[in-house]
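Chain by chain, the residues:
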Amino acid sequence: MRESTLPVAATEPEESHLAYPGWKVVLAGFFGVMVSFAAIVPYTFGLFLKPLTASFGWHREATSAGFSIAALTVAAASPGLGFLLDRFSPRRIILPCIVVFSGGYASLALLTPHLIHFYLIFFLIGLVGNGTAYIGYSRAISTWFNRRRGVALSIMLAGSALGAMLLPVLAQAAITQLGWRAAYLILGLLAFAVGFPLTAAFVRERPVAQQDQSVSSELGESVAKALAAPAFWIIAATVCLYAISVNGAIAHLSALLTDRGVSTAGAAWAVSIIGATSLVGRLLTGVFLDRFFGPRVSQVMLLMTALGIVLLSIANSLAAGLVAAALIGFSMGSEGDITPYLLGRYFGLKRFSTLYALTWTTYAIGGATGPLLVGRVFDTLGSYRPITIQLLALPAFIPCLLMFALPRYSIHGGKTQAIAILPEPKPAEITR
């Protein structure tokens, strides 16, 4: 059951005002995501490969399998977490997930030479991983915001971009100065110390009585009806195809550039710029979503991804590699904002978390497929030929066409949002 909450005062500030209570939820979500599974595991895992190999004699491939186990477990467990988040207060799900994740990650400080021990821990943190990241916080934030929902979601999601920039530096410093066991302990404790208290204090859904009735968390399509709607499958296909393109490009970006004569330091800069531009992309996309029709915003960002990949395919210099990486990074940050925004607009919030989790599973499938396809082509041809990388842009371009089939938003309560690329109308202009 969802916990009861006291109604807010009738004189509550508007969404655009900094005193609006929903911004506390956004702030808590920002820091929670910054130290979540989504920020810690993908961006620090590789730093531990050599220390673990040196300590236990594990092969690099066997050690890397721990990450694959976590990723696949997250994909499989996400729909179940979404189901729970749609039936209970997000805080009641997020807090236990933080405890399990932080405790499991910190316990890697006690890792034994048995690979099964390593695998079981990453299986455990994969089970709760998305409960510490976007899914739970997105639902809570969406109940507080309507006209500023795009910006609110983008700020929360920007936490993972900041974590991607800061956590690898912190982890590497800890490994160098204190050893890998201490580094695991520090990251696990950090996840708890930052995420748990802020979530416990501020993450709550807005009381139903105070929600805009057109976007109430009590209203929305059932999962069955949403799955029967073409709009859901267009969004899910977009997420999957996009993941094939962007993950395939990022996974091989450094190797491709160094094969073309770019220095390893230059290639590292190209990878780093992805994190910086994704942060900017997320914040600006939130502004665009609050002003323009979401599918058109998505189409622009998908075209930017395709353009970045095409430029990468012919990049023979550091400058070209940096521009390509910047385009890919900017658009990569945007897609994380667009998916939950569109789901909330088309299907309401009643089963929002379940639907979001299902699209995340399609992202994981695409994300795992892209790097494998590029790797297979490279092994077959013996090089990163321009035409093969250019073909990688195709999965990002196809959704640009699919997006034209998306209808106007279906906002429950009889309200309909604007179509095309015109700014959304003010409340007085919305037809009832």
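A few points on the structure. The shown structure was predicted, so the numbers you read here are calculated from the model rather than taken from an experiment.

Let's talk about the overall build of the protein
Link 1 in the chain: What the protein contains, in helices and strands, is 17 helices and zero strands.
Link 2 in the chain: Expressed as a percentage of its 432 residues, the buried residues of the protein come to 54%.
Link 3 in the chain: Within the protein, contacts between residues at least 6 apart in sequence are counted, and of these 81% link residues at least 24 apart.
Link 4 in the chain: Of the accessible surface of the protein, which amounts to about 17800 Å², a share of 71% is contributed by carbon and sulfur atoms.

Quick notes on the nonpolar core
Link 1 in the chain: Counting 84 residues, the largest nonpolar core has Phe48, Leu52, Phe101, Tyr105, Leu111, Phe118 and Phe347 as the members making the most contacts within it.
Link 2 in the chain: The greatest single-element share of this core, amounting to nine residues, is contributed by helix H8 (residues 149-178).
Link 3 in the chain: Excluding anything up to four places from it in sequence, Leu52 contacts Gly57, Trp58, Thr63, Leu111, Phe118, Trp180 and Tyr184.

Focus: a nonpolar patch on the surface
Link 1 in the chain: Taken together, the side chains of Leu303, Leu394, Phe397, Ile398, Leu401, Leu402 and Phe404 define a hydrophobic patch exposed on the protein surface, amounting to about 640 Å² of accessible area.
Link 2 in the chain: In terms of residues, the nonpolar patch owes the most to one element, helix H17 (residues 394-402), which gives five residues.
Link 3 in the chain: Residue position: Leu401 is located in helix H17.
Link 4 in the chain: In this structure Leu401 comes out as exposed when scored by relative accessible area, which is 52%.

A few points about the side chain of Thr354
Link 1 in the chain: Along the chain, the position of Thr354 falls in helix H15 (residues 352-381).
Link 2 in the chain: Residues in contact with Thr354, not counting those within four places in the same chain, are Gly82, Phe83, Asp86 and Val223.

Here is what the cut-offs are and how they apply
Residues numbered from 1 in each chain as written. Predicted model: local features only at pLDDT ≥ 70, side-chain atom pairs only at ≥ 80, totals over all residues. Heavy atoms only, no water. Helix = DSSP H or I, 4+ residues; strand = E, 2+ residues; numbered from the N terminus. Buried < 20%, exposed > 50% of the residue type's maximum accessible area, 1.4 Å probe, protein only. Contact = heavy atoms within 4.5 Å. Areas by Shrake-Rupley, 256 points an atom, 1.4 Å probe, with all protein chains shown as cover. Core = buried A, V, L, I, M, F, W, Y, C linked by side-chain atoms within 4.5 Å. Patch = residues over 30% accessible without salt bridge, like charges linked within 9 Å, V, L, I, M, F, W, Y side chains within 5 Å. Salt bridge = Lys/Arg side-chain N within 4 Å of Asp/Glu carboxyl O.

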